[in-house]
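Survey of secondary and tertiary structure
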Amino acid sequence: MTKYIPASYESKALAHNSSITVKTKFNESKLTAIQIIPEEVNAIFNQQAVEKMQEEAIDCQSPELDVITGATESSSAVKRALKDCFAKASGKEMRHAKTLKDGTYQASAPSYGFMYPMTGEVTFQDNKIKDINITKESDSLTSQWFEVAKEKMIPRIIKNQSLDTGVVTGASASSVAIRSITEKAIAKAGGDVNDWHIPVSTKTDTVILKDYDVIVVGLGGSGVLSYCAAAKSGAKVFGIEAAGAIGGNSVSTFGPMVVNSKELNAKYNNGQDNIDPADLYKTWIKYVGSDSKAEVIKTAIDQCGPAIDYYIKNFGFSFDGVFPGAPVGGFLPSFVRKDWTKEWIIYTADKDNKKWYISGPDHAFQFENALEKAKKMNPNNDYKVELRAKKLLTDDAGKIIGVKAKYYDGTIYQIYAKSVILASGGFIGNAQMMKEVYGADCHVFGSTTAKGDGIRMARELGADTYALKTLPMIHISQVPYIIRDNSLSADQKAILSALATTPDAIQIDETGTILGSKDDTGTTNSDLKIQTAFAPGFHYYNAYSQDEIDQIREHGLSEITTKINIFAIGQGGKMPVANTPIRDIDKIIDQTIKHRNAWKGTVREIAELLNMDQAKLEKALGSKNGLFYLFENAAYAYATCGGLNINEKMNVLRKDGSVIDNLFAVGQDSEGVENKNGEAYTPWGGQAQAWTFVSGKIAGENVASL
């Protein structure tokens, strides 16, 4: 008897925030072939695991495969996609097997916010998700991205009636939390959550757009500024942004370095120069230790003020921001040279210059307004979010003619133009590339949207890179797995963070050796000595003996440790006064170990747990006897800084120094030309943000002249 309709069937299921595609072939009686294609792989769900599941599916002729230990979400996604293929081959559709009880159900889930979990209410009616309402969250204290997730994710879940609804790029943590709340509510309403992981169909259409002068790949700060300059110069512009909204990490920064802006000097410095460009140039060249990019560095200095003035006058950018509680705006001193008393400045915040996130002023509106103004400069100008560039298009002679990109719903876009500006934001969100470049991945503070698309696509055409191993922007360290549940109070979490990050402890790297002294990032300001930037693997451990823990229990923390304050990703707790007994230290340690932020044991046990050299660890701790506690201190990076090799016109260069015609790179995709391999990026204050203005203006004007 015929069981299946002979044909090929394909389905896609969501694992966490990436998809797994399952392709199958059936004859009349059985599954004859299967291919599992994960969008992302990891140490556990690798090629070997994939092959094992493929063999099992053929052997058992069923979607009920064994779950791979440590890869539950990926295994479950494969099973759901395969189940859908079996259903299609049988001429059926996957349906919700259990009927949900009508009503509104409350649930909570960890999210991006560090203060407390996200809570929401989900309403069901007639076995359908009717409404999702988020009632409490702390994500919006950090940035604008929660509102993006709320605006896009909730309607999509309701439309799809599926827990396989993909996350909104750039707002993935908030999106996953909304989806998790929905999943928990389904269970409370009596449903089987597996029935609600129905694969969401994607489109296979291709859209062709022609006759643009320039395509801007990435609409973070440098991309928006490039778009504006190109449009102002008369070019027809199309912008591509992978995230669900424009602005990238630039909308979370404080502000740029300023080198003699006439507009800002007139307002805040009596019309006088705010900094000596010759002194800045000399300091810069000395820091990078080479004059191989002297012309680019000189351009970055000479064009900084004029570029900022250009965007103030033409696109309404404003820099009157103040720290909360400060009376007026104006220049701030350098982090490096205290004699540079007026070196950088803060963006004007929204809502009467008063709305701040924990990481800086809310100024996304400035980039949004500028982009909309630029768009209106030509009726053909346009841009699209949630559209990720995949490949640079070239003609038979190798000349760049456009970009191929993919929309979140699967639609392919082929966009044709005379030139391309790469502004994809570096590669901080690409774990594989991070490991290839640095030997280790890094925790991220901010958006992980930057996957290295611009650098990858340019390299495919023979582009060179410059100072690609410049250390990431690391301003913050914290425990690697921030405790977002209620197992500890906010005050207890503050003590945990202080124990992990205080300099008042023995600091040991991942090999078991005392951490090296190279930690000053080229500055004289001890507050900026982020050791995790230089530590192997971007992390290290604060070590305590049992005697030291007993001392903390009876006599409290040191003065140094009680002064620890975690910028931006603290959890709201207050530190005790120095020398106040910490009677609950054992509870704090137990939960810290449970959440994989600390390890307890003898030297031998800890060396085995953390794959350290036991002899080195004994030497670092000064003893091989007794119990020890190692609290992990992890780096949280904002962005990468190394990128493509360019000249002072922002042209992308090949390894032989020749120009790749009509290809430009700005922002984090090219900032390596101002830096040095193995060192922190230029640390005086606001330099990376200044580069968005300089590189954006130069690239935008140059593409318009082609």
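All of these numbers come straight from a predicted model, not from anything done at the bench.

What counts, and where the lines are drawn
- Residues numbered from 1 in each chain as written.
- Predicted model: local features only at pLDDT ≥ 70, side-chain atom pairs only at ≥ 80, totals over all residues.
- Heavy atoms only, no water.
- Helix = DSSP H or I, 4+ residues; strand = E, 2+ residues; numbered from the N terminus.
- Expected span 1.5 Å × (residues − 1).
- Contact = heavy atoms within 4.5 Å.
- Pairing = 2+ DSSP bridges.
- Axes fitted to C-alpha atoms, helices over the stretch in contact; angles between N-to-C directions.
- Salt bridge = Lys/Arg side-chain N within 4 Å of Asp/Glu carboxyl O.
- Buried < 20%, exposed > 50% of the residue type's maximum accessible area, 1.4 Å probe, protein only.
- Parallel < 35°, antiparallel > 145°, perpendicular 65-115°, else oblique.
- Nonpolar A, V, L, I, M, F, W, Y, C, P; charged D, E, K, R; others polar.
- Patch = residues over 30% accessible without salt bridge, like charges linked within 9 Å, V, L, I, M, F, W, Y side chains within 5 Å.
- Areas by Shrake-Rupley, 256 points an atom, 1.4 Å probe, with all protein chains shown as cover.
- Phe/Tyr/Trp six-rings, centres within 6.5 Å; stacked < 30°, edge-to-face > 60°.
- Lys NZ or Arg CZ within 6 Å of the ring centre and 35° of its normal.
- Core = buried A, V, L, I, M, F, W, Y, C linked by side-chain atoms within 4.5 Å.
- pLDDT = per-residue confidence, 0-100.
- Polar contact = N/O pair within 3.5 Å; in protein donor to acceptor, adjacent residues only side chain to side chain.

Some remarks on helix H4 (residues 172-188)
- Its 17 residues give H4 an end-to-end C-alpha distance of 24 Å, which sits within 8% of 24 Å, the value for a rise of 1.5 Å per residue.
- Against the buried residues of H4 lie strand S1 (7-14), strand S4 (103-109), strand S5 (118-125), strand S6 (128-136) and helix H3 (145-160).
- Gly190 sits one or two residues past H4 and shows a positive phi near 90°.

Observations regarding the sheet that holds S6
- Spatial ordering of the open sheet is given by S4-S5-S6, a layout of three strands whose pairing is antiparallel. In this open sheet, the two edge strands, each paired with only one partner strand, are S4 and S6. Mean inter-strand twist for the sheet, computed between neighbouring axes without regard to direction, equals 25°.
- By the bridge criterion, seven bridges tie S4 to S5 in an arrangement that is antiparallel. Bridge pairing links Ser108 to Thr119 in S5.
- Along the sheet, H3 contacts S5 and S6; its crossing angle with S6, the most-contacted strand, is approximately 160°.

Digging into the pattern of salt bridges
- In the structure shown here, the tally under the stated rule is 21 salt bridges.
- In this structure, the salt-bridge partner of Asp84 is Lys88, at a minimum N-O distance of 3.3 Å. Here Lys88 and Asp84 lie together in helix H2 (residues 72-89), a separation of four residues that amounts to about one turn.
- On the accessibility criterion, Asp84 (9% relative accessible area) is buried.
- Residue Lys88 is classed as partly exposed on the basis of its relative accessible area of 34%.
- When salt bridges that share partners are traced, they join Arg388, Asp453, Arg456 and Glu460 into one network.

Notes on the pairing of strand S8 (residues 237-241)
- When you tally the buried positions in S8, you get five out of five residues, the bulk of the element.
- Residues Val237, Gly239 and Glu241 of S8 are buried on one face, and the alternating residues Phe238 and Ile240, pointing to the opposite face, are buried as well.
- Looking at chain direction, strand S7 (residues 206-217) and S8 are connected through four bridges and run parallel. Residue pairing for S8: Val216 is matched across the bridge by Gly239.
- As judged from the four bridges shared by S8 and strand S11 (residues 382-385), these two strands associate in the parallel manner. When the sheet's bridge partners are listed, Glu241 is paired in S11 with Val385.

Focus: the packing of helix H14 (residues 490-501) against helix H17 (residues 585-594)
- Axis separation between H14 and H17 bottoms out at 10 Å; the angle between their running directions is 70°. When the axis of H14 is compared with that of H17, the two are roughly perpendicular. Residues Gln492, Ile495, Leu496 and Leu499 of H14 lie in contact with H17, whose contacting residues are Ile585, Lys587, Ile588 and Thr592.
- Within the contact of H14 with H17, the residues separate by chemical class into five nonpolar, two polar and one charged.

Details of a nonpolar patch on the surface
- There is a patch of nonpolar side chains on the surface, built from Met115, Leu141 and Ile358 and spanning about 220 Å² of accessible area.
- Its place among the elements puts Leu141 in the loop between S6 and H3.

Regarding the packing of aromatic side chains
- Summed over the entire model, instances satisfying the criterion amount to 30 aromatic pairs.
- With 5.7 Å between their ring centres and 75° between their planes, Tyr287 and Trp684 make a pair best called edge-to-face. Pair noted here: Tyr287 is in helix H7 (residues 277-288) and Trp684 is in the loop between strand S24 (659-665) and helix H20 (687-704), with a separation of 397 residues, a long-range link. Just as Tyr287 is buried, Trp684 falls in that class too.
- With 5.7 Å between their ring centres and 40° between their planes, Phe335 and Trp344 make a pair best called tilted.
- Accessibility expressed as a relative area gives 31% for Phe335, which makes it partly exposed.
- Through a chain of ring-to-ring contacts, three or more aromatic side chains come together here, namely Tyr310, Tyr311, Phe315, Phe317, Phe319, Tyr347, Phe367 and Phe693.
- Over the ring of Tyr408 we find Arg156; its NZ or CZ atom is 3.8 Å from the centre of that ring.
- Taking NZ or CZ as reference, Lys293 lies 5.6 Å from the ring centre of Tyr466, over its face.

Looking at the nonpolar core
- Ranked by size, the top nonpolar core spans 108 residues in total, and within it Phe317 and Leu422 carry the most contacts.
- Beyond its immediate sequence surroundings of up to four residues, Leu422 is in contact with Val217, Leu392, Gly454, Met457, Ala458, Leu644, Leu663, Phe664, Ala665, Val666 and Asp669.

Notes on the packing of helix H9 (residues 304-315) against H20
- Orientation of H9 relative to H20, taken along the N-to-C sense of each, is 75°, at an axis distance of 9 Å. What the angle tells us is that H9 and H20 run roughly perpendicular. In this structure, H9 contributes Cys304, Ala307, Ile308, Tyr310 and Tyr311 to the contact, and H20 contributes Ala690, Phe693, Val694, Gly696, Lys697 and Glu701.
- Here the residues of the contact of H9 with H20 sort into eight nonpolar, one polar and two charged.

Considerations on the confidence of the model for the chain
- Across the chain, the average pLDDT comes to 92, with 96% of residues at or above 70.
- Within the model, pLDDT remains below 50 along residues 518-529, and this stretch shows 24 contacts once partners closer than five positions in the same chain are excluded.

Things to note about the environment of Asn381
- Along the chain, the position of Asn381 falls in the loop between helix H11 (364-375) and S11.
- Of the residues examined, Asn381 reaches a relative accessible area of 3% and is grouped as buried.
- With 354 residues separating them along the chain, Asn381 and Asn27 place their C-alpha atoms 50 Å apart.
- A distance of 2.8 Å separates a polar atom in the side chain of Asn381 from the backbone nitrogen of Val237.
- At 3.1 Å, the side chain of Asn381 and the backbone oxygen of Ala374 are in polar contact.

Topic: the sheet that holds S1
- The antiparallel open sheet is built from three strands, whose spatial order is S1-S2-S3. The sheet terminates laterally at S1 and strand S3 (31-38), the two strands that pair on one side only. Between one strand and the next, the sheet's axes are offset by a mean angle of 15°, whatever the strand orientation.
- Bridge count for S1 against strand S2 (residues 19-26) is eight bridges, and the pairing is antiparallel. Bridged to Ala13 within S2 is Ile20.
- Across the sheet, H2 touches S1, S2 and S3, and the angle it forms with S1 is around 145°.

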